[in-house]
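Given next are the chains, with one letter for each unit.
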Amino acid sequence: MVRSAIAAAAALMAAVLLAEPGAVLAQAGRDQGKSVQVVRLSFDDKGYVVTPSTVTKGVPVKMEVDLDTVKGCMRTIVIDAFGVKQTVKAGATTIAFTPTKSGPIQIVCGMNMGKGQFTVADPASK
Ligand SMILES: [Cu+2]
């Protein structure tokens, strides 16, 4: 009786652990959270350019927008994948977000006119 109760408790704990992969991910995110990735957003004749063009998933990004090349309506920057919609201006040129999924990510202007793309890579596994 006692033994089966212990077994049941152990099974329950295992189920809870398996049911919450988010807890493990949050821990990993906290470790990675020590660093911030700084990228630059500019605009050329083809559209938005992110430099460097690849960031790591789960690590906060600070995107510094180059107002010399990003002008007019292009200053309203939309990154739907991460819920970003922000208009930058002199004195407020940083967009902060954390990439929560990997793959090619689209950037568009508020009018869905200017376009660009960057890549989110999974953290290197060891
Ligand atoms: Cu536009």
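Fair warning: this is a prediction, and the values are worked out from it, not measured in the lab.

(A) Focus on unusual backbone geometry. Cis geometry marks the peptide bond from Thr51 to Pro52, where omega comes out at -10 degrees. Phi at Asn112 is positive, roughly 60 degrees, even though this residue is not glycine. Relative to the assigned elements, Asn112 resides in the loop between β8 (103-109) and β9 (115-121).

(B) Structural context of the coordination of the copper ion. Protein ligation of the copper ion involves Cys73 (SG) and Cys109 (SG), the donor distances falling in the range 2.1 to 2.2 Å. Placement of the pair is Cys73 in the loop between β4 (61-65) and β5 (76-79) and Cys109 in strand β8, with a sequence separation of 36 residues. We classify Cys73 as partly exposed; its relative accessible area is 29%.

(C) Up close: the pairing of β9. Side chains Gly116, Phe118 and Val120 of β9 all project onto a buried face; the interleaved residues Lys115, Gln117, Thr119 and Ala121 project onto a face where none is buried. Bridging between strand β3 (residues 54-56) and β9 involves 3 bridges; their strand directions are parallel. Residue pairing across strands places Thr54 opposite Thr119, the latter belonging to β9. As paired strands, β8 and β9 are joined by 6 bridges and run antiparallel to one another. Looking across to β9, one finds that Ile107 is bridged to Gly116. In sequence, β8 turns back onto β9 through a hairpin of 5 residues, with Asn112 there showing a positive phi of about 60 degrees.

(D) Examining the packing of aromatic side chains more closely. Inspection of every chain in the model, using the stated rule, returns 3 aromatic pairs. Taking the centre distance of 4.9 Å and the plane angle of 85 degrees together, the rings of Phe43 and Tyr48 count as edge-to-face. Overall, Tyr48 belongs to the buried group, its relative accessible area being 5%. With a centroid separation of 6.2 Å and an interplanar angle of 50 degrees, the aromatic rings of Phe97 and Phe118 are classed as tilted. Of this pair, Phe97 sits in strand β7 (residues 94-97) while Phe118 sits in strand β9, and the two are 21 residues apart along the sequence. Just as Phe97 is buried, Phe118 falls in that class too. These aromatic residues form a ring-pair network of at least three members: Phe82, Phe97 and Phe118.

(E) Expanded view of the pairing of β8. Taken across its 7 residues, β8 has 5 buried, putting it largely inside the fold. In the sheet, β5 pairs with β8 via 2 bridges, with the strands oriented antiparallel. Bridge pairing in β8 places Ile77 opposite Cys109.

(F) Structural view of the side chain of Ser42. By the element assignment, Ser42 lies in strand β1 (residues 37-44). You can call Ser42 buried: its relative accessible area is 11%. When neighbours within four sequence positions are excluded, Ser42 is seen to be in contact with Gly47, Tyr48, Val49, Asp66, Thr69 and Val70.

Thresholds applied
- For every chain, the first residue of the written sequence is number 1, and numbering continues from 1 onward in sequence order.
- Where local features are concerned, this predicted model is filtered to residues with pLDDT of at least 70; where side-chain atom pairs are given and counted, the filter is 80 or more; whole-chain, interface and lining totals use all residues.
- Where side-chain values are given, they derive from all heavy atoms of the structure, hydrogens and water being excluded.
- Counting from the N terminus, the helices are the DSSP runs of H or I reaching at least four residues and the strands are the DSSP runs of E reaching at least two.
- Here a donor is any nitrogen, oxygen or sulfur atom (N, O, S) within 2.8 Å of the metal, with 3.2 Å used for Na, K and Ca; water is not among the atoms considered, so some sites may look incomplete.
- Residue exposure (1.4 Å probe, protein chains only): buried if accessible area is under 20% of the type maximum, exposed if over 50%, otherwise partly exposed.
- Two strands make a pair as long as DSSP finds a minimum of two bridges between them.
- Each Phe, Tyr or Trp ring, with Trp reduced to its six-membered ring, pairs with another whose centre is within 6.5 Å; inter-plane angles below 30 degrees give stacked pairs, above 60 give edge-to-face pairs, and intermediate values give tilted ones.
- Two residues qualify as a contact provided that any one of their heavy atoms is within 4.5 Å of a heavy atom in the partner residue.

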